[in-house]
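Observations on the model geometry
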Amino acid sequence: MRRLRMLWHRLAHRAEVERQMADELAFHIDARATDLMSRLGLSRAEAFRQARIEFGSVEKYKDESRASLGLRLLDDLRADFRFARRALTKNLGFSLAAIVILALGIGANTAVFSVVDAMLMGTLPVKDPQGLVAFDTLQTRDSMVAGYSGNGRPGPGGTARRTSFPMVTFERFRDHATTLSHVFAFTSIGSVAVVADASAEMASAQLVSGSYFDGLGVPAVMGRTLGPSDDRPDAEPAAVVSHRYWQRRFFGDAGIIGKTIRVNGTTFTIVGVTPESFHGTEVTESVDLSVPLAMSPHLSPTGGPPRSRATWWLLLMGRLKPGVTREQVFAELRPIFNESVLTSWSARDPGTRNPERSGMPTMRVLSGSQGPNGPSPRTRDSLTYVFVVAGVVLLIACVNVASLLLVRAANRRQEMTVRLALGASRARLIRQLLTESLLLATAGASAGLAIAWWAKDALPPMFEDDVVLATAIDARALAFAGVLTTVTALVFGVGHALRATRVGAMPWLKETARAGGQRALMARTLIGVQIAASLVLIVVAGLFVRTLYNYSLVDVGFDTRNLMVFQLDPTPSAADSADVVELYERLLGEVETVPGVQSVTLSALPVVARSEWTETIRTERNETAREVHLQVVRWNFFQTLGMPLVAGRSLQASDTANAPRVAVINAAMAREVFDEDLPIGQRFRFANGPRRDVPFEVVGVVRNAKYSRLSEPEPSTFFIPYTQFPTGRMTVEVRTMGEALALTGGVRAAIQRIDPGLPLINVRTQDAQIQETLRNPRIFAALTAVAGAIGLLLACIGLYGVVSYDARRRTGEIGVRMALGAERSDVLRLVMGQTSWIVTIGTGVGLILAGALAQLLRGQLFGVEPFDISTMASATLLLVAIAGLAVFLPARRAARLDPTQALRHE
Amino acid sequence: MRRAELLPGTLDLLILKAVSLRAEHGYGVLLRIEQITGGALLVEQGALYPALYRLEGQGLLETEWGTSDNNRKAKFYSLTAAGRKRLKAETERWTVSAGAVNTALKAQEA
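Residues numbered from 1 in each chain as written. Chains lettered and ligands numbered in written order. Predicted model: local features only at pLDDT ≥ 70, side-chain atom pairs only at ≥ 80, totals over all residues. Heavy atoms only, no water.

1. As for the overall build of chain A
When you go through chain A residue by residue, the secondary structure sums to 27 helices and 25 strands. Across the 906 residues in chain A, those meeting the buried criterion constitute 51%. Within chain A, counting contacts between residues at least 6 apart in sequence, those at least 24 apart form 80% of the total. (Helix = DSSP H or I, 4+ residues; strand = E, 2+ residues; numbered from the N terminus. Buried < 20%, exposed > 50% of the residue type's maximum accessible area, 1.4 Å probe, protein only. Contact = heavy atoms within 4.5 Å.)

2. So, a positive patch on the surface
Taken together, A:Arg78, A:Arg82, A:Arg85, A:Arg86 and A:Lys90 make up a surface patch of like positive charges. Within the fold, A:Arg82 resides in helix H5 (residues 72-90). (Patch = residues over 30% accessible without salt bridge, like charges linked within 9 Å, V, L, I, M, F, W, Y side chains within 5 Å. Areas by Shrake-Rupley, 256 points an atom, 1.4 Å probe, with all protein chains shown as cover. Salt bridge = Lys/Arg side-chain N within 4 Å of Asp/Glu carboxyl O. Lys, Arg positive; Asp, Glu negative; His and termini not counted. Charge placed at Lys NZ, Arg CZ, Asp CG, Glu CD.)

3. Regarding the pairing of strand E17 (residues 614-619) of chain A
Residue and element names in this part refer to chain A. Alternating positions in E17 separate cleanly, Glu615, Ile617 and Thr619 being buried on one face and Thr614, Thr616 and Arg618 remaining unburied on the opposite face. By the bridge criterion, 5 bridges tie E17 to strand E18 (residues 625-633) in an arrangement that is antiparallel. Across the sheet, residue Thr614 finds its bridge partner in E18, namely His629. The hairpin formed by E17 and E18 contains 5 residues between the paired strands. With 3 bridges connecting them, E17 and strand E21 (residues 683-686) associate as antiparallel partners. (Pairing = 2+ DSSP bridges.)

4. Looking at the environment of A:Ser716
Residue and element names in this part refer to chain A. By the element assignment, Ser716 lies in the loop between strand E22 (696-702) and strand E23 (717-721). Assessed through its relative accessible area of 7%, Ser716 is described here as buried. Each C-alpha atom of the pair Ser716 and Thr614 lies 9.9 Å from the other, and the pair is 102 residues apart in sequence. If sequence neighbours within four positions are ignored, Ser716 has contacts with Val628, His629, Asn666, Ala668, Met669, Glu672 and Val673. One polar contact links Ser716 to Glu672, side chain to side chain, over a distance of 2.7 Å. (Polar contact = N/O pair within 3.5 Å; in protein donor to acceptor, adjacent residues only side chain to side chain.)

5. Re the interface of chain A and chain B
With 24 residues of chain A at the contact, the number on the chain B side is 24 residues. Sorting the residues of chain A by area buried against chain B places A:Glu24, A:Phe27 and A:His28 first, and these three jointly supply 31% of that buried surface. Along the contact surface separating chain A from chain B lie 2 salt bridges. Connecting chain A to chain B are 10 residue pairs in polar contact (both at pLDDT 80 or more). For the side of chain A that touches chain B, the elements supplying multiple residues, two or more each, are helix H1 (2-12), helix H2 (14-40), helix H3 (44-55) and helix H4 (58-69) of chain A. (Buried area = accessible area lost by both parts, 1.4 Å probe.)

6. A look at the sheet that holds strand E4 (residues 61-67) of chain B
Spatially, E2-E5-E4 (chain B) is the arrangement adopted by the 3 strands of the open sheet, whose pairing is antiparallel. Looking at which strands have only one partner, the edges of the open sheet turn out to be strand E2 (24-25) and E4 of chain B. Two elements, E2(B) and strand E5 (residues 73-79) of chain B, share 2 bridges in a ladder whose sense is antiparallel. Residue pairing for E5(B): B:Glu24 is matched across the bridge by B:Tyr77. In the packing of H2(A) onto the sheet, contacts are made with E2, E4 and E5 of chain B, and the angle to E5(B) comes to roughly 95°. Packed on one face of the sheet, helix H3 (residues 48-57) of chain B meets E4 and E5 of chain B and runs near 55° to E5(B). (Axes fitted to C-alpha atoms, helices over the stretch in contact; angles between N-to-C directions.)

7. Digging into the pattern of salt bridges
When their charged atoms lie close together, side chains carrying opposite charge are able to pair. Residue and element names in this part refer to chain A. Within this structure, the stated rule accounts for 39 salt bridges over all chains. Glu59 is the partner of Lys62 in a salt bridge, and the nearest nitrogen-oxygen pair spans 4.0 Å. Here the residue Lys62 and the residue Glu59 both occupy positions in helix H4, the gap between them amounting to 3 residues, near one helical turn. Residues Asp197 and Lys259 are paired through a salt bridge, measuring 3.1 Å at the closest nitrogen-oxygen approach.

8. Here's the deal with the nonpolar core
Residues and elements named next belong to chain A. Counting residues in hydrophobic clusters, the biggest one holds 73 residues, and the most contacted among them are Phe544, Leu799 and Val831. Taken together, the elements giving at least two residues each to this core come down to helix H6 (92-121), helix H12 (377-411), helix H15 (475-502), helix H17 (513-553), helix H23 (775-809), helix H24 (811-819), helix H25 (824-856) and helix H26 (869-895). Looking at this core, the element that brings in the most residues is H12, giving 14 residues. Those residues within four positions of Val831 in sequence are excluded, and the remaining contacts are Val803, Ala807, Ile814, Ala891 and Ala894. (Core = buried A, V, L, I, M, F, W, Y, C linked by side-chain atoms within 4.5 Å.)

9. Section: the side chain of A:Ser340
All names here are of chain A. Topologically, Ser340 is positioned in helix H11 (residues 326-346). The class for Ser340 is buried, based on a relative accessible area of 0%. With near-sequence residues (within four places) excluded, Ser340 lies in contact with Val168, Thr169 and Arg172.

10. Topic: the side chain of A:Arg249
All names here are of chain A. Position of Arg249 among the secondary structure elements: in helix H9 (residues 243-250). Reaching out from Arg249, the side chain makes a polar contact with the backbone oxygen of Ala196 at a distance of 3.2 Å. Look past the residues within four positions of Arg249 in its chain and what remains in contact with it is Val194, Ala196, Ser199, Ala200 and Glu201.

11. Overview of the confidence of the model for chain B
Within chain B, residue pLDDT values average 82, and 89% of them lie at 70 or more. Mean pLDDT across the secondary structure elements of chain B bottoms out at strand E1 (residues 4-5) of chain B, with 63, and peaks at E5(B), with 88. (pLDDT = per-residue confidence, 0-100.)

12. Comments concerning H2(A)
Residue and element names in this part refer to chain A. With 27 residues, H2 should cover 39 Å at 1.5 Å per step; its first-to-last C-alpha distance of 39 Å lies within 8% of that length. For H2, the set of buried residues is Val17, Met21, Glu24, Leu25, Phe27, His28, Ile29, Asp30, Ala31, Arg32, Ala33 and Leu36. At the C-terminal side of H2, Gly41 shows a positive phi close to 70°. (Expected span 1.5 Å × (residues − 1).)

13. Structural notes on the packing of aromatic side chains
Each aromatic ring pair is summarised here by two numbers: the centre-to-centre distance and the angle between the ring planes. Residues and elements named next belong to chain A. Within the structure shown, the criterion is met by 29 aromatic pairs over all chains. Taking 5.0 Å as the distance between ring centres and 80° as the angle between the ring planes, the aromatic pair formed by Phe638 and Phe719 counts as edge-to-face. Highlighted residues: Phe638 in helix H19 (residues 637-641) and Phe719 in strand E23, separated in sequence by 81 residues. Classification of Phe638 by relative accessible area gives buried; the value is 2%. Here the aromatic residues Trp613, Phe674, Phe684, Phe686, Phe696, Phe718 and Phe725 are joined through ring pairs into a cluster of three or more. (Phe/Tyr/Trp six-rings, centres within 6.5 Å; stacked < 30°, edge-to-face > 60°.)

14. Description of the packing of H23(A) against H25(A)
Working note: a packed helix pair is described by the angle between its axes plus the distance between those axes. Residues and elements named next belong to chain A. Where H23 contacts H25, the two axes come as close as 10 Å, and the packing angle between them is 150°. One finds that H23 runs roughly antiparallel with respect to H25. In this structure, H23 crosses over H25, and the sense of that crossing is right-handed. Judged by residue contacts, Leu799, Val803, Asp806 and Ala807 of H23 engage Val831, Gln834, Thr835, Ile838 and Val839 from H25. (Parallel < 35°, antiparallel > 145°, perpendicular 65-115°, else oblique. Left-handed = near helix turned anticlockwise from the far one by under 90°.)

15. Notes on unusual backbone geometry
Residue and element names in this part refer to chain A. For Asp128, which is not glycine, the phi torsion reads 45° and is therefore positive. Among the structural elements, Asp128 can be located in the loop between H6 and strand E1 (132-139). Residue Asp128 is classed as partly exposed on the basis of its relative accessible area, which comes to 44%. Here Asn562, not a glycine, exhibits a phi torsion of approximately 50°, which is positive. Here Asn562 shows up in the loop between H17 and strand E15 (563-568).

16. Side note on the environment of A:Ile779
All names here are of chain A. As for its placement among the helices and strands, Ile779 is situated in helix H23. Residue Ile779 is classed as buried on the basis of its relative accessible area, which comes to 13%. Counting along the chain gives 397 residues from Ile779 to Ser382, while the straight-line C-alpha distance between them is 9.4 Å.

17. Quick notes on the environment of A:Ser346
Residues and elements named next belong to chain A. Along the polypeptide, Ser346 turns up in helix H11. With a relative accessible area of 54%, Ser346 lands in the exposed category. With 36 residues separating them along the chain, Ser346 and Ala310 place their C-alpha atoms 7.6 Å apart. At 2.8 Å, the side chain of Ser346 and the backbone oxygen of Thr343 are in polar contact.

18. Details of the packing of H2(A) against helix H2 (residues 26-36) of chain B
Direction vectors running N to C along H2(A) and H2(B) enclose 50°, while the axes themselves pass 8 Å from each other. When the interaxial angle is binned, H2(A) and H2(B) end up oblique. Along its contact with H2(A), which presents A:His28, A:Ala31, A:Arg32, A:Asp35 and A:Arg39, the element H2(B) presents B:Gly26, B:Tyr27, B:Leu30 and B:Leu31. Taken together, the residues of the contact of H2(A) with H2(B) sort by class into 4 nonpolar, 2 polar and 3 charged. (Nonpolar A, V, L, I, M, F, W, Y, C, P; charged D, E, K, R; others polar.)

Right, here's the structure in full:
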């Protein structure tokens with residue numbers, strides 16, 4: 001501490017320190033001279049001369065004294081920086097290239113890692129997320145689960161990992177758990193229609209139990225959150241809105257507390273606003289509106305009766321009491337859970353009684369820091385892939401900076417030699433180079449940080465709809481990428497010079513062929529690595545381009561052009577199912593009057609939009625159960641979409657609720673289920689469920705069409721009229737003359753002439769909807785192609801540099817060969833031959849790695865094998881052609897040398 | 001008069017010893033070393049100053065500007081408490097190791 005203070009004092013009063021030092025030394029010489037005069041009787045001039053000789057070099061000792069005072073280091077550092085800055089600006093092209101490459105590598109990696117970390121490992125923005133627990137179960141086909149609604153993923157050992165629980169489990173946990181301070185339940189109810197300030201819009205909503213906000217530790221920034229007193233059937237309906245929704249929908253209105261809104265037809269009072277950071281209990285989910293669980297009967301999307309006691313539909317979480325472990329929670333709650341399963345199972349609908357089931361689902365207690373579900377596997381796969389690509393880019397960046405520095409070191413050997421000869425110490429030179437490398441790395445890292453800052457917000461929306469993610473730049477990722485690139489810069493910027501200086505000055509005044517050769521070998525290896533890495537990216541990009549092309553060739557099975565699609569959910573406005581049909585018919589009738597509209601139809605699911613609906617059926621002819629796909633449609637569905645009828649009749653307006661039940665099936669179902677081409681008149685029924693008693697009669701067969709995604713073959717599907725199978729929310733398909741979206745305004749006006757409170761959800765064209773399902777391959781193709789192009793460009797610049805350097809180094813040799821009669825073509829071969837094998841080896845390694853990576857991506861490819869010969873061949877051809885050019889140009893220049901000039905070169 | 005080169009590390013010890021009686025300026029330190037060693041050791045005059053600054057930096061010496069015998073402004077060095085402690089420790093260390101070396105050398109002669 002004291003020393004630091006002294007050093008600071010010296011730095012601050014630098015001039016004073018210097019003056020005192022000069023005074024002190026002058027005094028010494030003066031005193032000595034006086035002594036010498038009196039002792040030896042020398043003359044004054046003689047005495048001073050003698051004194052100065054005895055003292056030695058004043059400047060040298062001053063310098064050493066400065067070092068003793070700790071001032072030298074700082075002086076040198078400042079000089080180093082000044083010099084480094086000058087050296088780097090003098091060679092602006094090199095410096096900019098290095099900084100840009102470093103920035104790309106660091107920026108891309110930091111951003112990708114930060115996003116991956118936030119999306120895959122991010123914790124909920126609540127108080128002490130580590131103190132939360134979540135529950136899930138592992139279930140088999142034999143598990144006593146009568147109805148399930150929620151998330152499911154493959155679990156260990158062929159089980160299904162499911163996160164929803166029945167109401168009775170929640171109630172027992174809430175009332176009996178002693179290891180948890182709070183137990184709370186919630187469930188997303190998707191989109192609800194919200195009417196506020198006389199306009200209707202969709203919002204995403206969740207039902208939450210009374211202790212949800214208390215348990216999470218999420219306060220209200222305005223008003224209050226929901227509490228147990230709100231979660232009662234007789235309570236005044238209250239709602240809490242998110243900060244984001246408050247801003248978006250109510251423009252941050254300060255008087256929002258106490259405002260009433262209609263949600264699916266029920267009036268709620270807004271009682272509070274949650275903090276900006278809070279957006280629900282899923283890491284990548286965003287909730288606009290939270291309402292009490294007890295309000296569920298008023299909000300049910302189907303407008304039906306309350307959920308059965310047997311249905312599993314609630315997500316469960318809890319907060320640990322201090323000092324309690326998850327194992328203790330498990331030990332306490334497992335018996336309670338098992339008992340609740342039995343209660344729930346015995347409450348099942350008698351129509352689905354299935355006495356064979358006796359399996360007990362296995363409950364697990366998990367960390368709740370990410371919510372019960374965590375990120376989806378699809379997101380996980382995509383992000384992992386992007387992570388790999390970013391890693392390859394970082395590798396290319398490092399290798400490239402390394403080779404740039406190598407070439408630079410070669411070009412500067414004369415400068416280094418001169419400085420060594422003039423007496424600079426090795427340590428001093430190394431420090432100089434270190435400073436330069438660090439300056440480069442710092443500039444690169446700063447630019448990289450800027451890139452990361454931009455990219456972290458640009459990335460997530462590519463992978464998830466409507467994602468709200470407060471991504472912070474991940475300090476670890478930045479440090480990792482920064483340190484890696486800096487170390488590369490140091491090793492290659494300094495390490496090489498270090499070896500050079502060890503040799504001493506003399507050998508360096510004349511570059512030896514051997515040292516040059518070693519450097520060239522190193523540079524070649526680096527370029528080989530870059531070629532391999534770029535080829536991997538180009539091949540994979542090629543596979544994705546092929547995938548997209550193959551998708552574009554797929555016959556969808558109907559006419560996708562000039563087709564507008566959107567969703568409607570008029571259930572809150574209709575009292576019962578007959579009303580729903582009646583309302584839909586009025587709405588569609590009004591839309592048909594809009595000029596430019598050819599026809600309008602309905603389907604329960606949007607077509608080719610990753611949505612499926614499967615049912616188990618039994619045919620009357622042979623009783624085996626078959627799982628087939630189902631679509632509920634309006635009678636004119638086939639005509640409107642342009643699906644040609646193969647046999648029989650289409651659905652008709654006369655197939656009403658009271659008419660005999662009919663179905664149209666597709667050609668695949670005719671073949672696979674009925675084993676004949678035209679099974680008109682055949683009958684089948686649902687294998688279970690309340691409607692299994694009444695059979696459907698097959699009245700027609702339509703051509704196959706894609707169902708939920710382009711990548712799958714057309715599944716066996718049957719179509720039934722929505723009049724006989726009313727569904728709440730449906731997709732409206734509007735066939736238009738000309739550009740579909742041009743009619744959006746007219747269609748919206750028509751809908752709201754019938755029901756002003758009914759919003760149009762997700763208006764888009766059918767083509768856009770199909771494109772949406774191809775988002776992953778499209779992003780992957782673009783991302784990989786850009787990364788591959790950058791990689792290839794960098795590798796070629798490196799290649800060009802190495803060949804030029806090689807040719808320059810061997811100018812004398814080339815002169816001799818030419819003087820002895822070598823032809824131009826011989827010289828060309830000589831110079832190019834040295835480099836061809838790097839391209840060959842790099843290409844070989846690249847192809848092998850590309851095959852391996854593509855194997856991992858098999859699931860993302862369509863219509864092309866991971867080891868696709870033609871893609872690999874064309875990628876290789878492209879690379880070899882461009883690399884060949886980078887080699888040929890400098891080689892040709894060498895071959896055009898004038899032999900006499902070349903000989904004079906040395 | 002035979003003169004010996006300084007053993008490495010001994011200059012610091014000699015400087016501490018030289019200023020242990022009273023404060024000395026740089027040239028005074030030199031004279032004092034000549035005097036207490038009987039002129040047997042050769043100190044390069046300039047080399048004194050980096051050593052003085054180093055010891056000052058280590059907190060073993062403190063400095064003060066004063067007037068010399070011939071009435072000129074000079075910088076005087078004196079021991080700090082830490083310097084005095086260091087001198088004592090170094091002296092003991094030196095005595096022990098020098099004694100040991102002496103003994104060893106004599107044994108070989110015998």
